[in-house]
Amino acid sequence: MPEKLHIDLPEGKQVPRHIAIIMDGNNRWAKKHRKVSLSGHKAGVASVRSVVEGCAEIGVEVLTLFAFSSENWQRPPLEVKGLMELFAFALDREVKKLHKHNIRLRIIGDTSRFSSALQGKILRAEQLTAENSGLTLVIAANYGGQWDITQAARRFAADCVSGVCAPEELTEEVLGRYISLSDLPRPDLCVRTAGEQRISNFLIWQMAYSEYFFSDLLWPDFDKFALGQAIESYLTRERRFGKTSQQLEAENA
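Fair warning: this is a prediction, and the values are worked out from it, not measured in the lab.

Trainee: Describe helix H5 (residues 145-161), with residues and values.
Mentor: Each α-helix winds once per 3.6 residues, and so residues spaced three or four apart point in a common direction. Relative to the 24 Å expected for 17 residues at 1.5 Å per residue, H5 spans 25 Å between its end C-alpha atoms, a close match to the ideal helical length. What H5 keeps buried is the set Gly145, Asp148, Gln151, Ala152, Phe156 and Cys160. Lining the buried residues of H5 we find strand S4 (136-143) and helix H6 (172-176). Just downstream of H5, Gly163 is the residue with a positive phi angle, here 90°.

Trainee: Kindly report on the environment of Tyr212, identifying the contributing residues and their values.
Mentor: One can find Tyr212 in strand S6 (residues 211-214). The spacing of Tyr212 and Arg198 is 14 residues in sequence and 9.6 Å in space, taken between C-alpha atoms. Contact partners of Tyr212, with chain neighbours within four places excluded, come to Leu189, Cys190, Ile199, Met207 and Arg237.

Trainee: So what's going on with the nonpolar core? Which residues, and what values?
Mentor: Residues Ile19, Ile21, Leu63, Phe87, Leu105, Leu137 and Leu227 are the most contacted members of the largest nonpolar core, which totals 44 residues. It is helix H3 (residues 77-100) that contributes the most residues to this core, 8 residues altogether. In this view, Leu63 contacts Ile19, Ile21, Val51, Val52, Cys55, Leu135, Thr136, Leu137 and Val138; residues no more than four positions away in its chain are not counted. Counting residues in hydrophobic clusters, the runner-up holds 14 residues, among them Ala20, Phe66, Val138 and Met207.

Trainee: Pulling in residues and values, what's your account of the sheet that holds S6?
Mentor: Read from one edge to the other, the open sheet built from 6 strands follows the order S3-S4-S2-S1-S5-S6, with strand pairing classed as parallel. Each of the sheet's edge strands pairs with one partner strand only, and the pair in question is strand S3 (104-108) and S6. Strand after strand, the sheet turns through a mean of 20° between neighbouring axes, direction not considered. In terms of strand pairing, strand S1 (residues 18-22) meets strand S5 (residues 189-192) through 4 bridges, oriented parallel. Across the sheet, residue Ala20 finds its bridge partner in S5, namely Cys190.

Trainee: I'd like a rundown of H3, residues and numbers included.
Mentor: In this model, H3 (24 residues) spans 35 Å end to end at C-alpha, consistent with the 34 Å of a helix rising 1.5 Å per residue. Maximum bend of H3: about 40°, positioned at Glu94. Within H3, burial applies to Glu79, Val80, Gly82, Leu83, Met84, Leu86, Phe87, Ala88, Leu91, Glu94, Val95 and Leu98. Tucked inside the fold, the buried residues of H3 contact helix H1 (26-32), helix H2 (37-58), strand S2 (62-69), S3, helix H4 (116-129) and S4. Note on H3: the residue one or two positions beyond its end, Asn102, has a positive phi of about 65°.

Cut-offs and rules
- Residues numbered from 1 in each chain as written.
- Predicted model: local features only at pLDDT ≥ 70, side-chain atom pairs only at ≥ 80, totals over all residues.
- Heavy atoms only, no water.
- Helix = DSSP H or I, 4+ residues; strand = E, 2+ residues; numbered from the N terminus.
- Expected span 1.5 Å × (residues − 1).
- Buried < 20%, exposed > 50% of the residue type's maximum accessible area, 1.4 Å probe, protein only.
- Contact = heavy atoms within 4.5 Å.
- Core = buried A, V, L, I, M, F, W, Y, C linked by side-chain atoms within 4.5 Å.
- Pairing = 2+ DSSP bridges.
- Axes fitted to C-alpha atoms, helices over the stretch in contact; angles between N-to-C directions.
- Bend = angle between axes of the 7 residues up to and from the residue.

Below is the structure:
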């Protein structure tokens, strides 16, 4: 029987409600193994399965994966074409498994640039799993944090024009309602693989107070047990959200 992920929780601690992952290193993995670039992305699908499985096992509520950024269109056309085909293939092959395990799938990003066929697959996958009550798996595809804030501002402006609200009502809280994933807890932990230490325009509004963990593992070498190490690091940290340690101690007394 496959080994399950287990986390020993210190007293008063809980696993992150929402984990966000920047899946980096697929191309380097392929180069390391003397394979074409797309083979690294295909190998990374197994890592996605393992991490999703691990999150479900320990009770994580939301897992958001950065699959394709709005900047990734600049990659070689053949690689982009292959990524789109892999995305479509994964939707065809994996969604029924997600549904079987009570996992809800959501896609965030500007999907209008995808082919009509791919947009249809996304819509059907979201509809199939919409009522599931287990882990919420979010795939960020053609997503950028700056795009996200811009589309939120445009939607607020449109509501102002239509009379739903007024410009003077704009606050951080109000704008936040227009940002992607506003109905979900914000990421507690962001993991990036492959040794890079930047967030690359990923959930920059949502992760204002996230904890960060940078792994040297290339994404195809990352699995749920590597995620467990990131979570264990997270559990050692004190999350103050602008307060002092003394204030937190008084609140928890």
